[in-house]
Amino acid sequence: MNMGFPSAGSMRFSAPTTRVRPLSHIGSGRQSLSSFMGRVQGNGSSVSETESGAETASHSLHRLHKSSAALRELLQRRAERQVKEMNASEAGGALQSRAAQRPAVPAEMVPARSMVNVTFFLKFHVDYGQHICLVGSMPELGSWILSDAINLTWSEGDIWNATVELPSTSVLEYKYVVVGQGGHAVAWQSGNNSVLAISDGDEEMEVHDNWGGNPGAKVVAGGNLPVTREKKLLSWATDLESQVIQQRQELRKLRMELVTAQEEARIARDEAKKLKQALAMAEAEKINSTQAVRDVEAVNSVLKEQIKDTTASFRQALEAAVEILGSDDKETKSKKKSSK
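Owing to the predicted nature of the structure, the values given are computational and were not obtained by experimental measurement.

Here we take up the overall build of the protein. Helix and strand counts for the protein stand at four helices and eleven strands. Sorting the 340 residues of the protein into buried and exposed places 33% on the buried side.

A separate point is the packing of aromatic side chains. One pass over the full model with this rule turns up three aromatic pairs. When the ring of Phe 124 is compared with that of Trp 211, the centres are 4.3 Å apart and the planes differ by 15°; the resulting orientation is stacked. Of the two residues, Phe 124 is situated in the loop between strand S1 (115-123) and strand S2 (131-136) and Trp 211 in the loop between strand S9 (204-209) and strand S10 (218-221); the sequence distance between them amounts to 87 residues. With respect to class, Phe 124 is no different from Trp 211; both count as buried. Ring centres of Tyr 174 and Tyr 176 lie 5.9 Å apart, and the angle between their planes is 90°; this geometry places the pair in the edge-to-face category. Across this residue pair, the class does not change: Tyr 174 and Tyr 176 are buried. Members of the aromatic cluster, connected to one another through ring pairs, are Phe 120, Tyr 174 and Tyr 176.

With mixed pairing, six strands are arranged side by side in an open sheet as S4-S5-S1-S9-S10-S11. Each edge of the open sheet carries a strand with a single partner, namely strand S4 (153-155) and strand S11 (227-228). Taken together, the three bridges between S4 and strand S5 (residues 159-167) define a ladder with antiparallel strand orientation. Considered in S5, the bridge of Trp 154 is made with Trp 160.

Okay, the side chain of Ser 168 next. For Ser 168, the location among the structural elements is in the loop between S5 and strand S6 (170-179). By relative accessible area, Ser 168 is classed as buried at 0%. Not counting chain neighbours up to four residues away, the residues in contact with Ser 168 comprise Arg 113, Ser 114, Val 116, Ile 198, Ser 199 and Asp 200.

All right, on to the nonpolar core then. With 28 residues, the main nonpolar core has Val 118, Phe 120, Ile 132, Leu 166, Tyr 174, Tyr 176 and Leu 196 as its most contacted residues. Within the residue set of this core, elements represented by two or more residues are S1, S2, S5, S6, strand S7 (185-188), strand S8 (194-198), S9 and S10. Here Val 118 is in contact with Ala 162, Thr 163, Val 164, Leu 166, Leu 196, Ile 198, Met 205 and Val 207, once residues within four sequence places are set aside. Counting residues in each nonpolar core, the second largest holds eight residues, with Ala 197, Leu 233, Trp 236 and Val 244 among its members.

Together, Val 299, Leu 303 and Ile 307 give the surface a local cluster of nonpolar side chains, amounting to about 280 Å² of exposed area. Checked against the element boundaries, Val 299 lands in helix H4 (residues 229-339).

What follows concerns the side chain of Thr 119. For Thr 119, the location among the structural elements is in strand S1. At 2.9 Å, the side chain of Thr 119 forms a polar contact with the side chain of Thr 163. Contact partners of Thr 119, with chain neighbours within four places excluded, come to Ala 162, Thr 163, Met 205, Glu 206 and Val 207.

Rules used throughout
- Residues numbered from 1 in each chain as written.
- Predicted model: local features only at pLDDT ≥ 70, side-chain atom pairs only at ≥ 80, totals over all residues.
- Heavy atoms only, no water.
- Helix = DSSP H or I, 4+ residues; strand = E, 2+ residues; numbered from the N terminus.
- Buried < 20%, exposed > 50% of the residue type's maximum accessible area, 1.4 Å probe, protein only.
- Phe/Tyr/Trp six-rings, centres within 6.5 Å; stacked < 30°, edge-to-face > 60°.
- Pairing = 2+ DSSP bridges.
- Contact = heavy atoms within 4.5 Å.
- Core = buried A, V, L, I, M, F, W, Y, C linked by side-chain atoms within 4.5 Å.
- Patch = residues over 30% accessible without salt bridge, like charges linked within 9 Å, V, L, I, M, F, W, Y side chains within 5 Å.
- Areas by Shrake-Rupley, 256 points an atom, 1.4 Å probe, with all protein chains shown as cover.
- Salt bridge = Lys/Arg side-chain N within 4 Å of Asp/Glu carboxyl O.
- Polar contact = N/O pair within 3.5 Å; in protein donor to acceptor, adjacent residues only side chain to side chain.

Okay, structure coming up:
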């Protein structure tokens with residue numbers, strides 16, 4: 001039965017006694033990207049050193065992306081808190097007008113990395129019932145777990161290939177493994193781990209490897225001319241350095257915007273404090289005026305009572321005077337009649 005594998009051959013392999021460890025053993029200490037690029041240019045065969053530098057640079061870029069995103073989130077939260085404080089203020093009208101004149105705080109998040117279709121090619125002859133797997137440092141390549149590795153497909157000419165989606169702006173290690181019918185490793189690819197750099201602008205990529213794992217494997221990205229893995233790594237490192245510089249400039253700009261936002265928030269708080277104090281003084285004056293009006297009304301009420309009492313007394317006095325005058329007039333008339 002033809003199971004899609006090549007016909008039986010006479011070549012057999014034994015697993016090497018020593019396996020190269022994945023990039024996960026590399027320390028997280030900071031390394032100068034410029035010195036790393038110098039080593040790549042000075043000695044193209046020093047692949048293991050370039051792998052370490054590239055992985056460290058990749059981690060630095062990822063940390064920088066996270067720092068930029070965190071700073072944008074902080075600016076957004078501060079801006080939202082300022083708006084809430086201004087809306088809660090009783091003198092919010094003036095403060096909202098000031099807030100409307102401020103430049104918008106950037107709130108966009110760092111976009112997620114795109115995925116790149118990478119097709120791996122390897123020309124190699126295996127025995128009947130055996131096949132070749134691709135395993136590497138990324139989860140998409142099984143994270144060095146053979147049972148999770150990618151199975152390659154055989155084609156005429158003992159050409160094995162597989163297409164895998166891998167994240168851009170990344171560096172990965174990988175190896176090919178000859179696997180037997182029971183799923184056990186018959187032979188691991190010799191030499192150091194192969195290293196592949198995927199740039200941000202890559203959309204599709206082809207990698208033409210050799211079983212010996214020797215430097216000089218060809219990489220074709222986006223229809224461009226083939227280059228070696230080492231030159232691709234150097235180009236990736238150059239692009240990475242430019243991105244790191246750009247990210248640092250953006251972070252400095254965001255820090256300046258944060259300082260400006262903090263100063264504007266301080267000014268807004270001072271204005272709100274002054275307006276609250278003025279409002280408190282106006283409320284106090286209003287209370288004093290209300291009390292003064294009440295006092296005047298109380299005095300007016302007392303004066304009205306006094307006028308009422310005085311009017312009554314005057315009326316009584318007037319009536320008494322009228323009676324006295326009437327009495328005197330009667331006596332005068334009586335005397336005149338008596339004298340006659």
